[in-house]
Protein chains: 2
Amino acid sequence: MKFKVLGSGAGIPSRTRNTQSFVLDVVEEINQYFLIDASEALQHRILNTTIRPSKIKHVFITHLHGDHIFGLPGFLSSRAHQGGEGIPLVIYGPPGLKEWIEVTFRISSSHLNYPIRFVEVVHDGEYEVEGFTVKSRLLDHAVDSFMYAFIEPEKLGALDSAKLKDIGIMPGPIYKEIKKSQTFQHEGETYATADFLSPPVEGRKVAVHGDTRIIDRPDYLELLDGADLIVHEATYLEGEKEKAHQYFHSEIDDVLNNLSRISYGRLLLVHISNRYDAEMLESVEEKMGDRAVIAHDYLEITIPRDSR
Amino acid sequence: MKFKVLGSGAGIPSRTRNTQSFVLDVVEEINQYFLIDASEALQHRILNTTIRPSKIKHVFITHLHGDHIFGLPGFLSSRAHQGGEGIPLVIYGPPGLKEWIEVTFRISSSHLNYPIRFVEVVHDGEYEVEGFTVKSRLLDHAVDSFMYAFIEPEKLGALDSAKLKDIGIMPGPIYKEIKKSQTFQHEGETYATADFLSPPVEGRKVAVHGDTRIIDRPDYLELLDGADLIVHEATYLEGEKEKAHQYFHSEIDDVLNNLSRISYGRLLLVHISNRYDAEMLESVEEKMGDRAVIAHDYLEITIPRDSR
């Protein structure tokens, strides 16, 4: 599982940062990518990666501001010509997305060759997506903006071969059968498979925020707790806390303080303003410590198991 | 006057060609740019040029297919933050554009800080734009697609100083006054200024096509005749005339043959398919001769006076 940044900037693109698009790469797990936000030039960015648009089957839009959605029509159009024919797509997002996409394709006389289903997300939503559980939480922004928490399914523990040998079952194809069963029989005895497995491996959790002010609701922090990766905006990096609040954004120290109350693996700061130069960003990174990273375009973060 | 290619490709972007956007640079003449088509990532392209979005006050959309308009919302948004505040914009294009832009900005809760006026262009339209005459002609495509002919105003001829000296008027600020007048008086005599001017210099003409099949209507060819620069699509470069016709596009030899019936300066072929590689394009350019050029992204063509 990897998190890939296709656009790390805020508001308008600069020469170094595009506006916000991410990909949660779950190719190793389910041979797919989850796309999160779709800024203008997303399809151009994808050309610089190995991502195949047809492997994107679920799109999650955090909110409808232009810097998060203006690349969606182009991405949908290109996907049709890049192996996406007949491969359904589901788009999760706030109300309004369906109307916009429908008007856009009607006006441009375009027809896609695959079906799209729109899911209007709600606060406290929970969606089963290819075995993953995706939870949505409303944030605090000028428009409805959501956090998506992607929770990987639990993985069965490993079979304890020593214990199996103890009761007289030697290694062989039978081990695979046993692992799939709830109970199994051997020499007239019935055994519970669970007794021969190490504890299940917890699935990873990745929480990706849309634009937002700091949130300190307990239900929100509880969902974030234990995340392997938290992706949070930090539009303000230089102590402009009041401005951040005024414009419904977050200031970096506030983010770090808020999240210090929970346990998590890594923190990726995104939605970086074009006002900050490389030198300034470096000095911020130095004081943040190892766990927090300021995103740049094309940054790729591997999410190991038990990273927290 | 210069013609700048920001996107020379057809349909979907590739790593080497973006979809169609052009700029007619009339900075020297009127300190503005005319934008023609607005493909996705237009605002990203502009970042790589010296073009100031606030100097774009007139946008001409040839037709509403996605590869010609999906960059418009992003361009309009960025213009608001890049010096465009309070500077009106006029968008010329087929019906539907206004509805799409309005829905797009409503859905994304965005408000521009400058007024936009939409002009629904018609076949045989004629628009006065900052002293230029812009004529629109309907082409032959799957949807309404237009050619725009940009016609520069005629320039007053040069003052004949020898002739002025003959009647006793020596060089000085008075020359400027005379040039601006219709008639002038000297030692009791009235003179017609026109008698002291060389013939007016004809304005340049640049004709930019939207996607189209070959057109041989006399009114169309008449308007093209004498153009300093013709920008025409050539989606098909390899003799696939039937396919070109079937998909409402043009094949290169057909374009050259059709235009051989009129007089023009240069021909720029655009909307180039991603199927063609550099070698193939080179071999086509070799057989075309000097006047015709296959566009590439960021190509800039200077349009001299009397180039035809």
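Before any of the text, the structure's been laid out above.
Note on numbering: residues in each chain are counted from 1, in written sequence order. Chains carry letters and ligands carry numbers; both start at the beginning, A for chains and 1 for ligands, and go up in the order they are written. With the structure being a predicted model, the display of local features is reserved for residues of pLDDT at least 70 and the display and counting of side-chain atom pairs for 80 or more, all residues being used for whole-chain, interface and lining totals. Remark: hydrogens and water are excluded; side-chain values derive from all non-hydrogen atoms of the structure.

### Notes on the overall build of chain A
Rules: Counting from the N terminus, the helices are DSSP H or I runs at least four residues long and the strands are E runs at least two residues long. In this scheme, a residue with accessible area under 20% of its type's maximum is buried, one over 50% is exposed, and one in between is partly exposed, where area comes from a 1.4 Å probe on protein chains only. In what follows, a contact means two residues having at least one pair of non-hydrogen atoms within 4.5 Å. Charged-residue counts in this description rest on Lys and Arg as positive and Asp and Glu as negative, His and the chain ends being excluded. In plain terms, the charge of a residue is placed at NZ if it is Lys, CZ if Arg, CG if Asp and CD if Glu.
Looking only at helices and strands, chain A has eleven helices and 16 strands in total. Structurally, chain A occupies a C-alpha span of about 70 × 50 × 35 Å along its principal axes. Expressed as a percentage of its 308 residues, the buried residues of chain A come to 56%. Considering only intrachain contacts with a sequence separation of at least 6, the fraction spanning at least 24 residues in chain A is 63%. If the 33 positive side-chain charges of chain A are averaged to one point and the 47 negative ones to another, these points end up 4 Å apart.

### Describing the pairing of strand E2 (residues 21-26) of chain A
Residues and elements named next belong to chain A. Counted only if it meets this: Two strands make a pair as long as DSSP finds a minimum of two bridges between them.
Most of E2 sits inside the fold, with six of its six residues counted as buried. Every second residue of E2 is oriented toward a common face, with Ser21, Val23 and Asp25 on one face and Phe22, Leu24 and Val26 on the other, all of them buried. Note that strand E1 (residues 2-7) and E2 share five bridges and pair antiparallel. Each bridged residue has a counterpart across the sheet, and for Val5 the counterpart in E2 is Phe22.

### Focus on unusual backbone geometry
One non-glycine residue, Ala41 of chain A, adopts positive backbone phi at about 75°. Note on Ala41 of chain A: relative accessible area 4%, which makes it buried. A positive phi is found at Tyr298 of chain B, a non-glycine position, where the angle reads about 75°. Along the chain, Tyr298 of chain B falls in the loop between strand E15 (292-294) and strand E16 (300-302).

### With respect to the pattern of salt bridges
Residues and elements named next belong to chain A. How we decide: Here, a salt bridge means any side-chain nitrogen of Lys or Arg that lies within 4 Å of a carboxyl oxygen of Asp or Glu.
The full count for this structure, using the stated rule, is 26 salt bridges over all chains. Here Lys4 and Asp25 are joined by a salt bridge, their closest N and O atoms 3.0 Å apart. In this pair, Lys4 sits in strand E1 while Asp25 sits in strand E2, placing the two residues 21 residues apart along the sequence. For Lys4, a relative accessible area of 11% puts it in the buried group. Classification of Asp25 as buried rests on a relative accessible area of 7%. One salt bridge connects Glu29 with Arg204, and the closest N-O pair in it is separated by 3.0 Å. Note that Glu29 is positioned in helix H1 (residues 27-30) and Arg204 in the loop between strand E11 (189-192) and strand E12 (205-209), a separation of 175 residues in sequence. For Glu29, a relative accessible area of 27% puts it in the partly exposed group. Because the salt bridges share partners, they merge into one network encompassing Asp124, Arg137, Arg217 and Asp219.

### Let's talk about the environment of Ala227 of chain A
Residue and element names in this part refer to chain A. Positionally, Ala227 belongs in strand E13 (residues 227-233). The class of Ala227 is buried, set by a relative accessible area of 0%. In sequence terms Ala227 and Ala194 are 33 residues apart; their C-alpha atoms lie 26 Å from each other.

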